[in-house]
Amino acid sequence: MNSNQANIPSPLFIGLMSGTSLDGIDAVLAEINAAGKARLIQSHSVGFDTNLKSELAELQFATNAELHREHLVANALAKSYAELCQELLRIQNIQPSSICAIGAHGQTLRHQPASDHLKSYTHQSLNPALLAELTGINVIANFRTRDMAAGGQGAPLVPAFHREQFYDPLENRAILNIGGIANLTILPRSGEVFGFDCGPGNLLLDAWIYRHHGKAFDDDGQWASSGTPDSELLSRMLQDPYFTKQPPKSTGRDYFNLRWLDDLMTGLSLTPEDVQATLLQLTIDSILKALRSFASNTQTLIVCGGGVRNIALLELLKIQARDQMPNLKIASSAQFGIDPQLVESLAFAWLAWAFMQKRPANVPAVTGAKGLRILGALYPA
C-alpha cells in the first residue's frame, strides 16, 4: 500500500513488537484519530538475525557475563528496530519528522510479578535512546515497569487497546491473543474490561520442535497432528498452580519453558510427537478453562497472534469449544479489520499515542495496579 507523503493523514505512529516466541519483529505505521481508533497504513516484518535470536534465547536464563551481553543485545535490537522503521518510511515515501512517536516494546527477558511490588520486576531488552538517535523519532518504551511500580502485573497491556478497537455494546466479546503466551481480554457489553495470561501459547510448541527437528515452529501444527495427547502428562501440566491461580496474573518464558516440561515428564516414556500433541492440547485446555471460568457468557471470541497460523491448533480449539461452549462463535481479528499478526504491534503504536495524549492506558482490573497510570517513558530524538 504505497502513498505519497501529502496523501497520508496525521497523526502517525509506528508500533514495534517482538514477542515471546522470538519469531521476528513486526512493525506498523498507523494513523490514530482523536477518539483512539487506529488505522493501519503500512506493515513490515522481518525475522531475527540468527546471532541476535540465539543471544536473546540464552539471555532468558542466567548465563555468563549476562549484563555485558544484554547491553550489546539491547543495542543490536535497537539497530534492527531502526532499520525496520526506516523501511516503513521508505515504502511510504515519508520523512521521520512526519511521525509523532515510535511505540517500542523490546524483548522480554525476565517477567517476575509478585504480590509485594518491591519484589516485582520485568525487563525488556532494548536501548530506546539509541533507537531515537538512529531514527530521529521520539521513542516511547518501558511500558510495563510503571504498571508494576503501582502494584500491577505489568501484563497483559493490550486489553485497553482491545477495548478501543473491538468493544461492542450489543455483544459479549473476548479477544484471544495466541503468542508465545496466550492471553485473554474479556469485553462484556456492559463496558468493563478484564484480562490475564492463560498460560503457554506457542512457546513450548516452538521450543519442543526446535529441540527435536531444529525448526522454529510446527508448520500448520502438522507434527502435533501426527501424535496423540498423553492424558498423564496433560494432567501433570494442568496441575501447575498457575492454571488455578485467580487473575490478575501474568507469566512468561522464565516460568513456562523446557525445564518445566522436562521435570513433568519424569518417569514417562513418550514419543516426541505425542509430547507435541499434548502441548497443543495444553494450550487449548488452558484457554477454554479460562474462558469458561471467567467469561462463560462470551458470544464471540476474536483470535489474533501468531498462533492463528497454527491450523491444527485453531481447528481443535473450534471443535472443542463447540462441545464446551456451544453458543460461542470464533472469528479471526481479520474479520474485524486487523491482521491477526499485527494486533500487538498496532497496540504499541496506540500505547505511544496514549502516552503522548497523557491518557492512562492501563486497566487496574486487568493488572491489579492501584489506579490508572500513564504507561511508558519518553526518549526524545
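Structure: above.
Given the structure is predicted, the values throughout are model-derived calculations rather than measurements.

A. Looking closely at the layout of surface pockets. The computed volume of the largest pocket comes to approximately 570 Å³. Taken together, 19 residues form the lining of the largest pocket, with L22, A57, A207, Y210 and R253 sitting closest to its centre. Breaking the lining of the largest pocket down by element, the ones donating at least two residues are α1 (50-58), α6 (203-213) and α9 (258-264). Looking at which element gives the most residues to the lining of the largest pocket, the answer is α1, with 5 residues. Among the residues making up the lining of the largest pocket, the classes are represented as 8 nonpolar, 6 polar and 5 charged. Taken as a whole, the second largest pocket holds about 380 Å³ of empty space. Along the wall of the second largest pocket there are 24 residues; nearest its centre are D23, D206, F217, G306 and R309.

B. Molecular detail of the sheet that holds strand β2 (residues 25-32). Taken in spatial order, the 6 strands line up as β3-β2-β1-β4-β7-β13 in an open sheet, and their pairing is mixed. Looking along the sheet, the strands with just one partner apiece sit at the ends: β3 (38-46) and β13 (377-379). For this sheet, the mean angle separating the axes of adjacent strands, direction not counted, is 25 degrees. Where strand β4 (residues 99-104) meets strand β7 (residues 139-141), 2 bridges bridge the pair, whose relative direction is parallel. Opposite G103, over in β7, you have I140 as the bridge partner. The sheet contacts of helix α3 (residues 128-135) involve β1 (12-17), β4, β7 and β13, and relative to β7 the element is tilted by about 160 degrees.

C. Just the side chain of E344, in detail. Considering the arrangement of structural elements, one finds E344 in helix α12 (residues 343-356). Beyond its immediate stretch of four places on either side in the chain, E344 contacts M17, V158 and N177.

D. Expanded view of the pairing of strand β12 (residues 329-332). Note: strand β11 (residues 300-304) against β12, 4 bridges, orientation parallel. When the bridges of β12 are listed, L301 appears paired with I330. As for the winding sense of the linkage, the β-α-β connection from β11 through helix α11 (residues 311-324) to β12 is right-handed.

E. Spatial organisation of the side chain of K249. Assignment of secondary structure puts K249 in the loop between α8 (231-238) and α9. Of the buried charged residues, K249 lacks a salt bridge, with D240 as the closest side chain of opposite charge at 8.5 Å. There is a polar contact of 2.8 Å between the side chain of K249 and the backbone oxygen of Y242. When near neighbours in sequence (up to four residues on either side) are disregarded, K249 contacts Q153, A155, P156, F196, D197, Y242 and F243.

F. Inspection of the nonpolar core at higher detail. Ranked by internal contacts, the top residues of the largest apolar core, which has 49 residues, are L176, L184, M237, W260, L261, L291 and L301. Examining the composition of this core, we find that 9 residues originate from one element, helix α10 (residues 272-294), more than from any other. Those residues in contact with M237 that lie beyond four places of it in its chain are F243, W260, L261, L264, T278, L279 and L282. Membership of the second largest hydrophobic core comes to 36 residues, among which are L157, V158, F348 and A352.

G. Representation of the pattern of salt bridges in the model. With the rule as written, the count across this model stands at 13 salt bridges. A salt bridge links K79 to E83, with the nearest nitrogen and oxygen atoms 2.6 Å apart. With K79 and E83 both in helix α2 (residues 66-92) and 4 residues apart, the pair spans about one turn of that helix. When its relative accessible area of 42% is taken as the criterion, E83 is described as partly exposed. Ionic pairing is found between E232 and R236, a salt bridge with its closest N-O pair at 2.9 Å. Separated by 4 residues within a single helix, E232 and R236 lie in helix α8, roughly one turn from each other. A single salt-bridge network, built from bridges that share partners, covers D168, E171, R173 and K329.

H. Main features of unusual backbone geometry. Along the chain, A155 connects to P156 via a cis peptide bond; the corresponding omega equals -10 degrees. With respect to the element layout, P156 can be found in the loop between α4 (143-149) and α5 (159-166). For the bond from P247 to P248, the omega torsion is 5 degrees, close enough to zero to count as cis. Among the structural elements, P248 can be located in the loop between α8 and α9. Positive phi, normally seen in glycine, also occurs at N142, with a value near 55 degrees. Residue placement: N142 occurs in the loop between β7 and α4. Of note, D220 is a non-glycine position whose phi angle comes to about 60 degrees, a positive value.

About the thresholds
- Residues numbered from 1 in each chain as written.
- Predicted model: local features only at pLDDT ≥ 70, side-chain atom pairs only at ≥ 80, totals over all residues.
- Heavy atoms only, no water.
- 1 Å grid on protein atoms, 1.4 Å probe; cavity = no way out; pocket = protein on both sides within 12 Å on 5 of 7 lines; lining within 4 Å.
- Points joined across faces, edges and corners; volume = space filled by probe spheres on them.
- Helix = DSSP H or I, 4+ residues; strand = E, 2+ residues; numbered from the N terminus.
- Nonpolar A, V, L, I, M, F, W, Y, C, P; charged D, E, K, R; others polar.
- Pairing = 2+ DSSP bridges.
- Axes fitted to C-alpha atoms, helices over the stretch in contact; angles between N-to-C directions.
- Contact = heavy atoms within 4.5 Å.
- Right-handed = clockwise from strand over helix to strand, strands pointing away.
- Buried < 20%, exposed > 50% of the residue type's maximum accessible area, 1.4 Å probe, protein only.
- Lys, Arg positive; Asp, Glu negative; His and termini not counted.
- Salt bridge = Lys/Arg side-chain N within 4 Å of Asp/Glu carboxyl O.
- Polar contact = N/O pair within 3.5 Å; in protein donor to acceptor, adjacent residues only side chain to side chain.
- Core = buried A, V, L, I, M, F, W, Y, C linked by side-chain atoms within 4.5 Å.

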